[in-house]
Structure formats: C-alpha cells, structure tokens
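# Examination of the molecular architecture
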Number of protein chains: 2
Amino acid sequence: MTDAKKNILFIMYDQLRFDYLSCAGHKTLHTPNFDRVAQMGVRFTRCYVQSPVCGASRMSFYTGRYCHSHGAQWNGHPLRVGEHTLGDHLRKLGMGCHLIGKTHMRADKDGMERLGMSEGSEIGLRQSECGFDSYIRDDGLWAQGPDGFYDERRSPYNEYLKSKGYEGQNPWHHFANSGATDAGEIASGFLMQNADMPANIREEDSETPWLTSRTIDFISEQSRDEPWLAHVSYIKPHWPYIVPAPYHNKYGVDDIQPLNRADGELNDPHPVYEGFTSNGIGKAFHRQEVRDVVIPAYMGLIKQCDDQLGRLLNFLEDTDRLKDTMIVITSDHGDYLGDHWMGEKDLFHDCSAKVPLIIYDPSPAADSTRGTTCDELVEAIDCSATFIEYAGGTVPDHIVEGRSLLPFLHGEKPDDWREFAISEYDYGATALAAKLGMEPRDCRLFMVADKDWKMMHAEGGFRPMLFDLKNDPKEQNDLGASDAHRDVIDMMYQRLGKWARRMSQRVTKSEDDIRNMRGRSMRRGVLLGLYDGTEVDAELLVKYQGKVPRASD
Amino acid sequence: MTDAKKNILFIMYDQLRFDYLSCAGHKTLHTPNFDRVAQMGVRFTRCYVQSPVCGASRMSFYTGRYCHSHGAQWNGHPLRVGEHTLGDHLRKLGMGCHLIGKTHMRADKDGMERLGMSEGSEIGLRQSECGFDSYIRDDGLWAQGPDGFYDERRSPYNEYLKSKGYEGQNPWHHFANSGATDAGEIASGFLMQNADMPANIREEDSETPWLTSRTIDFISEQSRDEPWLAHVSYIKPHWPYIVPAPYHNKYGVDDIQPLNRADGELNDPHPVYEGFTSNGIGKAFHRQEVRDVVIPAYMGLIKQCDDQLGRLLNFLEDTDRLKDTMIVITSDHGDYLGDHWMGEKDLFHDCSAKVPLIIYDPSPAADSTRGTTCDELVEAIDCSATFIEYAGGTVPDHIVEGRSLLPFLHGEKPDDWREFAISEYDYGATALAAKLGMEPRDCRLFMVADKDWKMMHAEGGFRPMLFDLKNDPKEQNDLGASDAHRDVIDMMYQRLGKWARRMSQRVTKSEDDIRNMRGRSMRRGVLLGLYDGTEVDAELLVKYQGKVPRASD
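Residues numbered from 1 in each chain as written. Chains lettered and ligands numbered in written order. Predicted model: local features only at pLDDT ≥ 70, side-chain atom pairs only at ≥ 80, totals over all residues. Heavy atoms only, no water.

### Details of the pattern of salt bridges
- The final tally for this structure, using the stated rule, is 106 salt bridges over all chains.
- Its salt-bridge partner being Glu-511 of chain A, residue Arg-506 of chain A comes within 2.5 Å of it at the nearest N-O pair.
- The closest approach of N and O atoms between Arg-418 of chain B and Glu-379 of chain B, which form a salt bridge, is 3.3 Å. Taken together, the positions of Arg-418 of chain B in the loop between α15 (406-409) and β14 (421-426) and Glu-379 of chain B in strand β13 (residues 378-379) put the pair 39 residues apart, joining distant regions of the chain.
- We classify Glu-379 of chain B as buried; its relative accessible area is 0%. (Salt bridge = Lys/Arg side-chain N within 4 Å of Asp/Glu carboxyl O. Helix = DSSP H or I, 4+ residues; strand = E, 2+ residues; numbered from the N terminus. Buried < 20%, exposed > 50% of the residue type's maximum accessible area, 1.4 Å probe, protein only.)

### Observations concerning the side chain of Arg-43 of chain A
Residue and element names in this part refer to chain A.
- By secondary structure assignment, the location of Arg-43 is in strand β2 (residues 42-48).
- One buried charged residue, Arg-43, forms no salt bridge at all, with the nearest opposite charge on Asp-35 at 7.2 Å.
- Of the polar contacts made by the side chain of Arg-43, one reaches the backbone oxygen of Cys-23; its length is 3.0 Å.
- Sequence-distant contacts of Arg-43, that is, excluding residues within four places in its chain, are made with Cys-23, Ala-24, Leu-357, Ile-358, Thr-372, Thr-373 and Cys-374. (Lys, Arg positive; Asp, Glu negative; His and termini not counted. Polar contact = N/O pair within 3.5 Å; in protein donor to acceptor, adjacent residues only side chain to side chain. Contact = heavy atoms within 4.5 Å.)

### As for the relation of the copies chain B and chain A
- Superposing chain B onto chain A requires a rotation of 180° together with a translation of 0.0 Å along the rotation axis, leaving an RMSD of 0.0 Å. On the angle and the small slide along the axis, the relation comes out as a two-fold axis.
- In this assembly, 100% of the residues forming the interface of chain B have copies in chain A that are likewise at the interface, indicating an isologous arrangement. (Least-squares fit on C-alpha atoms with pLDDT ≥ 70 in both.)

### Some remarks on the sheet that holds strand β16 (residues 453-458) of chain B
All names here are of chain B.
- Overall, antiparallel pairing links the four strands, which are arranged β14-β15-β16-β17 in an open sheet. On the outer flanks of this sheet lie β14 and β17 (465-468), each paired with one strand and no other. Between one strand axis and the next, the sheet turns through 15° on average, direction left out of account.
- In this structure, strand β15 (residues 444-449) lies alongside β16, joined through five bridges in antiparallel fashion. Following the sheet pairing, Ala-449 is matched in β16 by Lys-454.
- Helix-sheet contacts for helix α17 (residues 486-500) involve β14, β15, β16 and β17, and the interaxial angle to β16 is about 65°. (Pairing = 2+ DSSP bridges. Axes fitted to C-alpha atoms, helices over the stretch in contact; angles between N-to-C directions.)

### Quick notes on the packing of helix α1 (residues 32-40) of chain B against helix α12 (residues 288-318) of chain B
All names here are of chain B.
- At their nearest, the axes of α1 and α12 sit 7 Å apart, and the two run at 50° to each other. Taken together, the axes of α1 and α12 lie oblique to each other. Residue-level inspection shows Pro-32, Asn-33, Phe-34, Arg-36 and Val-37 of α1 in contact with α12, the latter providing Ile-302, Lys-303, Cys-305, Asp-306, Asp-307, Leu-309, Gly-310, Leu-313, Asn-314 and Glu-317.
- Its residues placed into classes, the contact of α1 with α12 shows seven nonpolar, three polar and five charged. (Parallel < 35°, antiparallel > 145°, perpendicular 65-115°, else oblique. Nonpolar A, V, L, I, M, F, W, Y, C, P; charged D, E, K, R; others polar.)

### Overview of the UniProt feature "domain: Sulfatase N-terminal" (unreviewed entry) in chain A
- The residues that UniProt annotates with the feature "domain: Sulfatase N-terminal" (unreviewed entry) are residues 6-392 of chain A.
- Helix makes up 33% of residues 6-392 of chain A and strand 16%, and the two end C-alpha atoms of the span are 10 Å apart. (UniProt positions renumbered as here; feature names shortened; annotations may be inferred.)

### Thoughts on helix α1 (residues 32-40) of chain A
- Among all positions of α1 of chain A, only Asn-33, Phe-34, Asp-35, Val-37, Ala-38 and Met-40 of chain A are buried.
- In this fold, the buried residues of α1 of chain A make contact with β1 (7-13), β2, α12 (288-318), β10 (325-331) and β11 (354-360) of chain A.

### Observations concerning helix α17 (residues 486-501) of chain A
- Along its 16 residues, α17 of chain A runs 22 Å from first to last C-alpha, staying within 8% of the 22 Å computed at 1.5 Å per residue.
- Of all the positions in α17 of chain A, only Val-488, Ile-489, Met-492, Arg-495, Leu-496, Gly-497, Trp-499, Ala-500 and Arg-501 of chain A are classed as buried. (Expected span 1.5 Å × (residues − 1).)

### Focus: the packing of helix α9 (residues 207-221) of chain A against α12 of chain A
Residue and element names in this part refer to chain A.
- The interhelical angle for the contact between α9 and α12, taken along N-to-C directions, is 15°, at an axis separation of 10 Å. Judged by the inter-axis angle, α9 sits roughly parallel to α12. Crossing hand, α9 versus α12: right-handed. Mapping the contact onto sequence places Thr-208, Pro-209, Thr-212, Ser-213, Thr-215, Ile-216, Ile-219 and Ser-220 in α9 and Gln-304, Cys-305, Gln-308, Arg-311, Leu-312, Phe-315 and Leu-316 in α12.
- By residue class, the composition of the contact of α9 with α12 is seven nonpolar, seven polar and one charged. (Left-handed = near helix turned anticlockwise from the far one by under 90°.)

### What to know about the sheet that holds strand β17 (residues 465-468) of chain A
All names here are of chain A.
- Reading across from one edge, β14-β15-β16-β17 is the order of the four strands in this open sheet, with antiparallel pairing throughout. Two strands lie at the open edges of the sheet, namely β14 (421-426) and β17, each paired on one side alone. Going across the sheet, the axis of each strand differs from the next one's by a mean of 15°, ignoring polarity.
- The pairing of strand β16 (residues 453-458) with β17 spans four bridges and is antiparallel.

Below, the structure is given as structure tokens:
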C-alpha cells in the first residue's frame, strides 16, 4: 500500500431503508450522526443491492460479484469453496480484513472436505467466514422453536448477556428481543403487537451498543502501522421490531411517514407480486395497528443506531483516527413496512432494493466532494472494488464485477459508467414457490433499473413488471402489460441478456493474460496454416532444419 | 452401483468431423470399425460441442457444464479449482475414472495454492488432471519454436519414441509428424505442402497405435470386479496433417468430397466470419493445392484410427468385455478443411460444432435401438450425465447441466427434452480480436441451434448470423440481416437470454435441498409476520411462555 495507515471501517446495518435517515429526507427521524458522515463524505442516492435478502446480498458485498456469479442465491446457501472474497484481495495488498458482527455466511463444508481442507486451519477458517478473520461472528438471529435454534452456532452475544446475569438458555430472545408484561410474562418481540413495549433489557446491554463496544475494543487493539478493514455488521434495525427504553417511545403514529401504496396496485397484479402482498407478513402490514406500533419501533432502533454511530465517531475523533480511516455506511437491503401492500424485502421496489450508501474518504483528493450527493447508478458490489483500490490495488476485473467509486469521491465520473443496475431474488425456498407450483430453479426474479425505468422479470413465463421512475417515482403503476411500453421492455430485456451472457467465471485468466496469449503459440512451434513456410520468418522454422536423425534399427 | 461389472470406454478423437465416417455418409472413406460400433449402438446425428476449440470443449465434456459455467473458455485457461468433474461424480458411485491420452487440462495452480492444496496429494493430482487418475497424460502437441515447447510438460510419447531409438530432443515432431526429403532433410508436417509425404516413422510407433496399445495395457491390468471409466483420448486426426505409410497414399484428389462453400458467403459477410475466412489458415484452405494434399492425409489419419479401433474392439471381444463395457465414440470438435472458406474450427457451422457421437450400451435394455440413429438435439455435456446414470447414480442437476442419453439408448424420449443447443467460442486470444479492436471480454461468440435454425451471436454490437437448416442445410446463406426473419432472430435471442440467466453456480444446494427449506425457519422460531400469535399453532409459541427470569443486578 502507498499509505500504511489507511484503514476502512465498513459499517453495515441490517434491513435499514434508504429513506429512514434525516440526510435522506426523513421528516421526523433525526439522525445527526449518519448526517455527520454524509457531511464528511458523499451520499450515493442510487445504490442498489444485488439481492434484497440478507445472505445473497452480503455474499455480493463480500465477493464483489453478482449472485448469478457466486451462486449463494439465498439465506443458508453455502458460498462455494474457492470463491474469491474481499479478504483474498486485501491481504495481498497488506491490509487485514476483519469481521465484527453478522455476515450470514455459511461455509461450503462438502466442498472443503472434497478438496481436503481442514476447517481448523487459517485458510479453512477464512473459507468458513467468507474471507474474514473473525473478531466476533454474531449473526444476531438466535430464534428458537420446536425444532431447535434457527442458527446452531455459538452466540457471543448470548454469552455476553449470560455473563451480565441475564438468565435462561436464550436471553437474546427473552430479554433483548422481548418485552415483559405486568404479570411478568415474556412478551416476544416476534409478536408485532408487542412492538411498542420496551425491550426487557438495560439499553447499554442491547445488541447495538454491545457491538459498538466490541468495535471500539477491536480498533483500540490494532497497531497504528497495520492497515485494516473492519466490517462492523449490526443486526439492527432488522426485526424483531422491539427496542429498549428510551427508544421504545421516542416516536408515535404522528411520526410515521405517508404510506406508499395505491389501490391500483392490487388491480390485475403480477402473480408473483400478488403472492408477496398476500403472504403472512404482507397481510400483517395491511393492518393499521401493525404499522402503528412497528414503524415507531423500527425508527427507535435506527435512532439507537445513530446514537451508537455518534459514539463510534467520537471515539475515532478522540483517538485521531478520522484522518486515516475510510468510513462506509450501508445496509444489505431495506424493508417494505407496508408500502406497496408488502412487508419484508421480497421484491425490488426502492424501499427494498435501494440502500443507504455514505462514504467518507479521508484523502485530500476527496475534499472537493464532502457533503455532496451522487445520483449515479451504484451497486453493492462496487464497495469491494472501492476497498481494493483504496488499499492501493488494481481491481481484478475478471473476478470482481463491481467498480471502484473512488472517482466519484474525487469529483470525477468515468465516461463508461454503467447504464443499468441489476438485482436478483430467488424465492425457491418460500411458501410462494409452492403456491405457484414452481420448481426451485425457476423461482428467479431479476431487476434491471436505470434512472428512468425499472423492470422486474420473473422466470416461468410471466409478463414483466415495469415502472416509470421519472413520472411514477413511487412505483405504483405497473406498466408491464402496456403495449405502449414494448420498446422499453425490449431494451431492458436486451440489457438483461447482455448482462446474463457476461464473462463471470473466467476467474483464472485476466484480460491482460489473454491479450498476452495473442500470437504466442506460433513462437512455440504451432505453425498453423503454413503451406511452404514462406509465410513466416525463417527464425520460426529453424528448429525444423538439418539432417534427419536415423532411427536405430 | 447395481452392476459392479459395468465399465465405460469413453473414446475421443481430436478434430474428427461428424461426416468423415462411412456410417455418417462419407462416400470414399470406409470406416468399418466405427460403423461396427454404430451397428452395436445408437449414432446421434445432432450432437453439438459446447465450444469448437479443444480446451473449452473438453472442460465441458469432463464437467458436464457449459463453458459459461466452468469458465475455462479457451485453450490454456486453467479450470478453476473445485469445479466438479466426472471423477468426483463417478468415484462416489464406486467407479474409477482414468485418463489415457489428451485432456488439454491446465491446473489452477494459483487457486490450489490459495486453498493450501498440495499438488502432490491424491486430491491435488486429481484437481490438476480434471478429476482423472492419470494412467497416461499426453496431449500430443509437442511443437517447439524459438520460445521453447508449446507444452512444457513431459511427453510420455516422446519418451516412448526415444526408447525405440528415434533420436533428437523432439522425435514427436521430427519423426511422427514430419516426412523426410530425398536429401534426408526433415519435412515438417506443419508445412501443409508436405501432407502427402509418409511420416518418417514405423506405422506401429505412430501416435494412434501407441495410445491403443497403452489402452489395451490399461484394460488388461484392471480387476474384473472394479468398475472403471477409461477416457481414451487420441490426438489424431488433429493437425499436423501427415500420416505414416501405408495411410499416406490411401486416398487421392478423387476421394475428396465436394467442397461446401459459395461465392455468396463472401458478399457483405459478417465481420467476425470474414475475419476467420481471411486469417492465415483460412486463406491457406482457399487454395486447391492445400486441400488436395491435406484432405487425403486427414482421411488417412482417420483410416488409421478406424483400424486401431478395430484392434481395440477385437481385444474387448476376445477378452469377453463387450458384454459389460459401454463404448462411447466422439470428438471435441470438427475441422472446416476449406468449407465456408475457412480452416480450423473457429465458428459454429456443422463441420466445426457438430461431432460424431456413437454410444454402445451393453445392457439388454438397449437391444431395441441397436443400429439406429437419433436425431434429437444432443450436447457434449450430456455425456457426463449419461455416464453418471449408467454408473447407477442420479444426475446432480444443480451441478451437471447435461442430461442423460440413456432414455434414447433404451428407446424412449423424455417429454421435456431440450428445444435448442448452445455452443460458445472465445476468440479473445486470437489475432482477429486485435484486428477488430475488441477487448478480450467482448470476444464472445454464441450459437443457438434447433432443428430448423442456427443463430450465431457475437458480442460487441454486431448483427447476428442466421441459417435456415431446413432449406439451406449447407449453411451457405446467412439470413442474419434479413428483416423477414426478425421473428426467428427474436425467438433465438429469447432462448439465448433464458439460457444465460439460468442457475449454473448454485452448486452447493440441490433442488431438493431448497424444497426442504420451505417453511423450516418457522419451526426454528423465526415467527415472521405474527401480530398476536393466533396465526400459528400454540406449539410454535410454547418456547416463549413462562415467568420472566430476573436479571441479577
């Protein structure tokens, strides 16, 4: 690296909507610390994730590759062994790559066994943690049911709570993510009617402050001479929608922003869209009483994230690290929260597929853009490319499909910047797949979006969905069946086709490797297409001159 | 396996055209032994390779996956470490997987090092040999020039020749692939003017008999109780176009089949096609004197292959192995030989992209189809799937993209058989790429073919090429610019798009794995979308009942 003192604080929140920050225009949710980073750097207003579901989205953030390339299409899909990760790229450049929090990574144990790799070795551990050195791995979803824990791993956070005297097998649920009734009963945060209760835990022991403290520990332990990337990955504001006091009642129904939905959306809806509006979470968010308690709790969780971000920024400032630490703030996807008659994040409307992306680059080269916004089409995979270039490397574009954002941070725009963004979703493991009678391999959704249009394509013979982002920025009017928009749809399909045909697996040869192959074989004796040899320099033939050696017999 | 005595002899010839066998209609080249296998089994008349270039085509044969999936797009591209191969699939089923001859495999040494794999270990060796246990690896192209050998590996064949008294550093070239002038000078087989000379070697020491002897050695050494697949992979009739006596003068100009080309092909030609017609080998094959000596030599090489196949068949018969050994005969691609004004195999006309495929299945279930032909659309990747099913396995269709041909061998046709075949070619390492000023990543050619139409698409903004196979079986009339065929072209692009979007990298989860995920998370406590819990069985909530444990403080 050119500068051994450059670090990267790569902060991810889980399920944070792009528009739930005051710097992004939220009217009632004041987030001075997110806004402070936006003032220090550039806020990207059109950043799309490669998939609006945690696991797939994160594997794209961490590999710099589309889901179609890395294959971990949904939660719980192991990332195939050998897939290049941020850690592979950064360590080559002398930068450590560390994890503090959630990744949703699942190791490809079969693949590792097939290749004879031991899980305990350094290489094996990194393969199992998506290339990160794990300072703390805690995915923050320790749900438990009749069939056991959703996640069988050890939970450092649960261990922390137990050490603090919170009792029982699963204090993550019983305290951090539940309230308590007057009768002393657990009121599970999984039941949305409890969303307006305070979580039954001391605020400083809840997940967001806990992970912030671990992050401060980590940074304090690092040598000033060893550059590092720290992926600080918070579980919040992801459900369960419940937050400790005083955040549980900071917001009320008057603070809820206007619902973005229209009756027309349910007239002759696309079958896949209709399926998501009518699943359990979709129907729940049709209910006023659900939104009235869930959205204020969601806002409270974000407010707590903002306060903890302030704590982290102050620590960096007090320890004089702001001058050499890049800060990146983003999320793995959004949350419908009732918009478009949906809950969760199963489709590609902006509230789901668009995320916050704020980048502070301490370099003087970035001074000219501080406090500005960039509305170019950006993808989550661009983060990996940005980190590689920031660490002093050249992006290996036969492997990493994202592009560095440093030019934008330095006030330049590449001439050949992308014209459209792609996102994918695989609903093969959902109840909707069964309801529609689809084979898993056909449960594929694709988004193609530019600044004017967004098309959503579903495999299986369905018509597309199309939104006119210029004239219908709320994405309420699906033009997918409109003959008048046939040309736009054709153009979007041409783009999707070109993207899908792209070279994504030729990871063992770079563009330069291939240029260097040109003409090489002839100088190694492969004299293709010669009749009498006069076609080439005698030098290429000399090896074939001279007396014939005699076979001895 | 159901029958421990089933073996597979998977024989590949290099650069053998589909129509240079008498059973395939060649008028003057009599190939009784190829024809004998056709009589014993089924000859597939529409088998397309996944790429008309050795390395890429073979990686698809050996992985059962498209080039777009495995990424080894051209010769010399390492197959990424961890890619599943035939060996991985067959050994699980108790069948060995052995190599005798050429694969064109290059190991992903960087990838192996990154994963801490030792090249010397059994796993490392198999990773380096595309999953095969190497009985003999000899790629049969030991060309040498000012920059050294084209292939730096040791050549068992060269070592054999030296042991037989053929002198010099490279008897492969100086004897097996060159003639000798009256003055005792080497007449290199790379110079096509020498194609009518006899190779300066005893016929029994030339490559095809040598590899046949090694194959007989291998089979003789195998236990009758250990099922095996042997990939017998001949370099011939691949250039250098020169063959030992008596094969060098078995055929003359009168035996050459009519040239398949038309002046119209050069009127306003597609720029990529034009580039291949005007490169060195293309221009050489425009010349009558080249074709007049090269084609008879090519036929002689095939005749020698046929005689050696007879020797192998007789050995199997004499040792009573025909009853339990599947025999598969195919090639990695064809050879233009002047057709369409081209040499080599750089595009997708049938003489290049279509190959012979003859399969003899000893099972009684195949008795009804012996001696028949099958004209369904078959792809090279189907071979791997066929071998897996023949070995008693179920094709893992989240990894292997080909489909088993056993149904056709047993007289059935699956209802959902493919409607189109795909082939790919990457010319990024060729001089044409430089001439057209193309970046390597854009040097991508795709073929989409059904029984009626063949479209060739080139990335980079070119129009497609289109051939009407029904009315123009010789593929001489390019309709790619015809407005009247816009609908056909659109249909072909839709197919190409659907294919390109396919799920090809989700290799860590099967279709069944994903079906089994449906609804599972709720039973592990992820109670998504509940308001008051009445939405689900009490059983799912029971874990959340009871007194609240007190935090000790």
